[in-house]
Amino acid sequence: MEAKPSAVDVISVCMADGQIRPLRMRMEDEEHQLLRVDIDEIISMKPVQYVGIEAQIFLCRAWVQQREWVFELKYTIRTHSWCLMRKVL
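Notes on the structure follow.

Rules used in this analysis
Residues numbered from 1 in each chain as written. Predicted model: local features only at pLDDT ≥ 70, side-chain atom pairs only at ≥ 80, totals over all residues. Heavy atoms only, no water. Helix = DSSP H or I, 4+ residues; strand = E, 2+ residues; numbered from the N terminus. Buried < 20%, exposed > 50% of the residue type's maximum accessible area, 1.4 Å probe, protein only. Areas by Shrake-Rupley, 256 points an atom, 1.4 Å probe, with all protein chains shown as cover. Lys, Arg positive; Asp, Glu negative; His and termini not counted. Charge placed at Lys NZ, Arg CZ, Asp CG, Glu CD. Disulfide = S-S within 2.5 Å. Pairing = 2+ DSSP bridges. Phe/Tyr/Trp six-rings, centres within 6.5 Å; stacked < 30°, edge-to-face > 60°.

### Here we look at the overall build of the protein
Part 1 of the argument: Per the secondary structure count, the protein includes zero helices and seven strands.
Part 2 of the argument: Start at the N end of the protein and walk to the C end: the helices and strands fall as β-β-β-β-β-β-β.
Part 3 of the argument: With the C-alpha coordinates aligned to their principal axes, the bounding extent of the protein is approximately 35 × 25 × 20 Å.
Part 4 of the argument: Buried residues in the protein amount to 30% of all 89 residues.
Part 5 of the argument: In the structure as shown, the protein presents an accessible area of about 6200 Å², 51% of it carried by carbon and sulfur atoms.
Part 6 of the argument: Looking at charge distribution, the protein has the averaged site of its 12 positive side-chain charges lying 3 Å from that of its 13 negative ones.

Following this line, the structure appears as structure tokens:
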């Protein structure tokens, strides 16, 4: 996986209290094929603010092609966009 952040498609749910939770992600793999990733667990979520831009960083766990992935997703609140920051495992 590339080291730089890349934009991804995410299906998420918005809770009644305003919290957002990613459920599924779609990204392009190394062979330029679309890869669907069902997020099994949200390990942690932390709000961040960088140069006045509010975002939330989600540490997620998923099984992709019989391998466990732990990765960070960033949701930028103002632009409503999702970005795959990095793969931890």
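Picking up where we left off.
### A word on the state of the cysteines
Every disulfide links exactly two cysteines, by a covalent bond between their sulfur atoms.
Part 1 of the argument: Using the criterion set out here, one finds zero disulfides in the structure.
Part 2 of the argument: Unpaired in this structure, Cys-14 has its nearest cysteine sulfur neighbour in Cys-60, at a distance of 15 Å.
Part 3 of the argument: The thiol sulfur of Cys-83 is not disulfide-bonded, and the nearest other cysteine sulfur, from Cys-60, lies at 13 Å.

### Re the sheet that holds strand S2 (residues 9-14)
Part 1 of the argument: What the seven strands build is an open sheet, ordered S1-S7-S6-S5-S4-S3-S2; its pairing is antiparallel. Among the strands making up the open sheet, the edge pair consists of strand S1 (6-7) and S2.
Part 2 of the argument: Pairing of strand S4 (residues 34-50) with strand S5 (residues 53-64) involves 10 bridges; the strand directions are antiparallel. In the sheet register, Gln-49 faces S5, and the bridge partner there is Glu-54.

### So, the packing of aromatic side chains
Any two aromatic rings considered together are summarised by their centre-to-centre distance and by the angle between their planes.
Part 1 of the argument: Under the defined criterion, the tally for this structure stands at three aromatic pairs.
Part 2 of the argument: A ring pair is formed by Phe-58 and Trp-82, whose centres lie 5.7 Å apart and whose planes are at 35 degrees; its orientation type is tilted. With Phe-58 in strand S5 and Trp-82 in strand S7 (residues 81-87), the pair connects residues that are 24 residues apart, well separated along the chain. You'll find Phe-58 and Trp-82 in the same group, each marked buried.
Part 3 of the argument: Plain terms: the ring middles of Tyr-75 and Trp-82 are 4.8 Å apart, the flat faces sit at 40 degrees to each other, and that makes the pair tilted.
Part 4 of the argument: A residue is classified by how much of its surface remains accessible, and Trp-82, at 9% relative accessible area, is buried.

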